[in-house]
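Report on the structure
Single-letter residue listing:
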Amino acid sequence: MTAVGEYELRGVHVAFPFEPYPSQLVFMDRVIEALQAPHRNALLESPTGTGKTLCLLCASLAWRQMHKAQRQVDQLGLAPVTAQGAAMLKQLAAGAGGREREWLGGRAVAPEAPAQFGMAPAVACRIIYVSRTHGQLSQVVRELRNTTYRPNVSILGSRQQYCVHHDVKKVPGGQRQNAQCQKLVATQSCQFHRNVVDHKYQHKEVLTDALDIEDLVKHGEKHKVCPYYLTRDTANDADVIFMPYNYLTDPASRKSLAHLWKDSVVIFDEAHNMESICSEAASFDLTHTDIAMCVTEVDRCTSIKESGIEFTTTEPATQEELSILKIILRSFEDALAALPLKGSPASATFPGCKIYELFETAGVKHDNATELFAMVSKTMSMLAEAQGAGIQANPSLKKFSDALEAVFKASDMANCNRLYKMHITEEPERKGKRAGPQSITDLQPTLTLKPGQKPRQIGYWCFSAGVTMKEILDQGVRNVVLASGTLSPMSSWATEMQMNFEVKLENKHVIREDQLLAAVVRKGPSGVTLNSSYKNRENVQSVDDLGNLIVNVCRIVPANSGVLVFFPSYAALTAGTERWKQGSVWDRISKQKQIFIEPRESGSFKMTICAYTDEVDRAGSNGAVLMAVCRGKMSEGIDFADRHGRAVIVTGIPFPAAFDPRVVLKKAFMDELMPEARAEGREAVSGEQWYIQQAARAVNQAIGRVIRHRNDYGVILLCDERFANWTKQAKFLKKSNVLVHWCCKFIVY
Ligand code: SF4
């Protein structure tokens, strides 16, 4: 340690806004360890409340400063071990937190590329900081402002977040808004867009002041400049770029920002869902109804074209192209209907490459897929532009376009069979109301199926997150850091992401032992064994005694405090609450605390969370109990700090649905992968281990609600006898904790 506020880790001087805890120093040390070598990747877990984001920022920015200085010394050909080299390196890397660039004559120059050394500014690695939502990114930007580092920053967002055009910002729906904007930009009719050129040189604060999305919108309104295009422009000069996951994982977004990735350090914060996000990004589901809707849209486009509307956005599709597109879609529909299925409900699973046969039957191959892709894009643009005539762009063509992108990007057929499966099943019935009255989705799709034939759906599923991660790494990314409060169990990450993590950390918590009680509860107050397994589903005594336990917890947890009860599934939540309402349990819980239930519909989510929080905060309240589900929104993204989450009860183990074809196929895929993982020196994870780890990650997320900062305290109760095996670590999982490290440490039996 050199002084309070500045710490030397692996030769890098890190400026930290306050005296760090030992666990924070360990965390920053691991970040730097990874970044000090190209292609050395890290998997870093640190519990919520341990200042993970601040550590990621300070360590990566300090390393970047040193790295840049080193490059400048290298440019001069001075080894840092010489007196001159060492002095210069110190000078260049000094002043951690100093502004990296000064603005002279309206252009950026680097002051630490001193003229006395006669050097051009060295190019340093860019840091790409990725998180799940823009709300989380805004928090990261606020954390950055708490440090002494002042890098040039850009935060990328969508037009829906950034548009300041009086009319366009009110256009509902991202696709329509994009189309409106593109139309104005193409005709130079948006004054905010015209003002982007050179704005960053006149207003250096857009790069230097770590503005978040809200600030940038205000700035755009004040200076009559478009924040959307401005941030895309400033990204070219930024030392740190903030963006949500999909800008990197979605192939189209990644391609549009391709110039940013090379030699960058990519930090994925809140990375616990990366495996499913990456797999999803390479997969799709497409139904007969989707295809029929595409045909309807193409027909609609033909009518619009015949009506003589002038299109300005892009070159519109020709009548011939629209006819070809329609023929291809109808042929694809027929080819899907002709596939042999078995059983009831009828289904079949094929190797991934079967998808090429399906497309080929419709006349689509690798050599003409790009042409088809262009036709679909033109049609989508035409529909989006025609929204002025009351037509709302429909997502079906976008789905078809995404499917084309997913299938025809891969040319390695052997890999396709190994990593993908095509699963065909009957299409589930459509439920719920469709989009508004003027939507094209109100138009009835016409299926060309034979009488008695049921519509089908294709699932083209990628089982390896490594497909997307490889595409990211292939962009020339220097290092990848995956960080989260809950990465445990750690063992499957390398196999799943198909990459090596040389640096791994399961960090300690910063709390004292008296701040957390964690316990496995095997029996309820009446002595009935608690077990929510499928086999035990008829055991109402077990459900009742679980209810009695919740009553007791609600009695003990003080007034003006909240209890969070997580069920393994919505089905278990419904069964449990219905049973308790039939007896006395529900009333007894209600007498202790007001009950709230996590809604299935996302529309009611905000209302429920506000009502729960208000009840906990209400003067004179006894507090509240929130019944929610593992993997639901309440268990992942919500901060129940202090009184809002004083106790967390987990009522069972949230295994994925065992008979879901996707789960069955994924388990088989993990088993197949074991010899390859062993041969490559990676920890092999069987299908069964993967299955348990999925449940464990969901539990870890839920129990992560209880301690949100270093002064927080609370109780975790794992109310299922099977948790005892987990916490003692079943034999086949002994290499890695199943539950997060910090919880295992505190647990009692
Ligand atoms: S250029 Fe910017 S301000 Fe103008 S319409 Fe597009 S997003 Fe809106």
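Residues numbered from 1 in each chain as written. Predicted model: local features only at pLDDT ≥ 70, side-chain atom pairs only at ≥ 80, totals over all residues.

Quick look at the overall build of the protein now. Across its full length, the protein carries 31 helices and 22 strands. Residues counted as buried form 46% of the 749 residues belonging to the protein. When contacts within the protein are restricted to residue pairs at least 6 apart in sequence, those whose partners lie at least 24 apart make up 79%. (Helix = DSSP H or I, 4+ residues; strand = E, 2+ residues; numbered from the N terminus. Buried ≥ 20, exposed ≤ 12 C-beta atoms within 10 Å, placed from the backbone. Contact = placed C-beta atoms within 7 Å.)

Within the structure, the ligand sits among 14 residues, and C163, C181, C190, H193 and C226 are positioned closest to it. Those elements that place two or more of their residues in the shell around the ligand are α6 (174-186), α7 (191-194) and α11 (227-234). With three residues, α6 is the largest single contributor of residues to the shell around the ligand. (Near = placed C-beta within 6 Å.)

Taken together, the seven strands give an open sheet; going across it, the order is β7-β8-β6-β9-β14-β3-β15, and neighbouring strands pair in parallel fashion. What marks the edges here is a single partner per strand, and that holds for β7 (153-155) and β15 (503-506). Direction aside, neighbouring strands of the sheet carry axes that sit 15 degrees apart on average. Taken together, the five bridges between strand β6 (residues 127-131) and strand β8 (residues 240-244) define a ladder with parallel strand orientation. Bridge pairing in β8 links V130 to M243. Most of the contacts of helix α4 (residues 134-145) go to β8, to which it runs at about 155 degrees, and overall it touches β6, β7 and β8. (Pairing = 2+ DSSP bridges. Axes fitted to C-alpha atoms, helices over the stretch in contact; angles between N-to-C directions.)

With that out of the way, let us pick up the sheet that holds strand β11 (residues 347-351). Read across the open sheet, the four strands follow the order β10-β13-β12-β11; overall the sheet is antiparallel. For this open sheet the edge positions go to β10 (284-287) and β11, each flanked by a neighbour on one side alone. Strand after strand, the sheet turns through a mean of 15 degrees between neighbouring axes, direction not considered. The pairing of β10 with strand β13 (residues 456-462) spans four bridges and is antiparallel. Directly across from F284, in β13, lies its bridge partner Y460.

Let us look at the nonpolar core. By size, the foremost hydrophobic cluster in this structure holds 141 residues, and its most contacted members are V31, C58, A59, I267 and V481. With 60 residues, the next largest nonpolar core counts A624, F640, A696 and I716 among its residues. (Core = buried A, V, L, I, M, F, W, Y, C linked by C-beta atoms within 7 Å.)

The subject of this paragraph is the environment of F268. Structurally, F268 can be placed in strand β9 (residues 265-268). A C-alpha to C-alpha distance of 9.3 Å links F268 and P244, two positions 24 residues apart in sequence.

Right, let's talk about helix α25 (residues 585-592) for a bit. Listing the buried residues of α25 in full gives V585, I589 and Q592. Here the buried residues of α25 occupy an arc of 60 degrees about the axis, which is enough to place them on one side. Every exposed residue of α25 that faces more than 90 degrees away from the buried side is listed here: D587 and K591. Elements that come into contact with the buried residues of α25 comprise α23 (540-556), α24 (570-582), β18 (594-597) and β19 (624-629). (Arc of directions from axis to C-beta.)

Along the chain, S344 connects to P345 via a cis peptide bond; the corresponding omega equals 0 degrees. Structurally, the position occupied by P345 is in the loop between α16 (319-338) and β11. The backbone of N560 shows a phi angle near 55 degrees, a positive value even though the residue is not glycine. Note that N560 resides in the loop between α23 and β17 (562-567). If you check the backbone angles, R631 has positive phi at about 75 degrees while not being a glycine. Considering the arrangement of structural elements, one finds R631 in the loop between β19 and α27 (633-636). On the basis of neighbour count, R631 is assigned to the buried category, with 22 C-beta atoms found within 10 Å.

This brings us to the pairing of strand β12 (residues 420-426). Most of β12 sits inside the fold, with five of its seven residues counted as buried. Note: β11 against β12, five bridges, orientation antiparallel. Among the inter-strand pairings, F350 is bridged to a residue of β12, identified as M422. Across seven bridges, β12 lies against β13 in antiparallel orientation. Bridge pairing in β13 links H423 to G459.

What follows is about the packing of α6 against helix α18 (residues 366-385). Running from N to C, α6 and α18 point in directions that differ by 90 degrees, and their axes come no closer than 8 Å. Our classification of the angle between α6 and α18 gives roughly perpendicular. Contacts from Q175, R176, N178, A179 and K183 in α6 reach S381, A384 and E385 in α18. Residue composition of the contact of α6 with α18, by class: two nonpolar, three polar and three charged. (Parallel < 35°, antiparallel > 145°, perpendicular 65-115°, else oblique. Nonpolar A, V, L, I, M, F, W, Y, C, P; charged D, E, K, R; others polar.)

Spanning 17 residues, α23 covers 25 Å between terminal C-alpha atoms, matching the ideal 24 Å at 1.5 Å per step. Looking at the packing, one finds that the buried side of α23 touches β17, α24, α25, β19, β20 (647-650) and β21 (714-718). (Expected span 1.5 Å × (residues − 1).)

Further remarks concern the pairing of strand β3 (residues 42-45). Residues A42 and L44 of β3 are buried on one face, and the alternating residues L43 and E45, pointing to the opposite face, are buried as well. Of the strand pairs in this sheet, β3 and strand β14 (residues 479-484) are connected by four bridges, and their pairing is parallel. Bridge pairing in β14 links A42 to V481. Where β3 and β15 come together, four bridges link them in parallel fashion. Within β15, the residue paired with E45 across the bridge is E506.

Glancing now at the confidence of the model for the protein. Looking at the protein as a whole, its pLDDT mean stands at 85, while 86% of the residues score no less than 70. Counting contacts from residues 95-117, a segment whose pLDDT is below 50, to residues more than four positions away or on other chains yields 39 contacts. Note that pLDDT drops below 50 for residues 730-736; the model gives that stretch 12 contacts with residues more than four away or on any other chain. (pLDDT = per-residue confidence, 0-100.)

Once that is clear, we can look at the packing of helix α10 (residues 213-223) against α11. Across the interface, α10 lies against α11 with an axial gap of 9 Å and an inter-helix angle of 115 degrees. Of the possible angle classes, the one that applies to α10 and α11 is roughly perpendicular. Considering the relative orientation of α10 and α11, their crossing is right-handed. Contact with α10, carried on its side by L216, V217, H219 and G220, involves P227, L230 and T231 of α11 and no other residues of that element. A breakdown of the residues in the contact of α10 with α11 according to their chemical character gives four nonpolar, three polar and no charged. (Left-handed = near helix turned anticlockwise from the far one by under 90°.)

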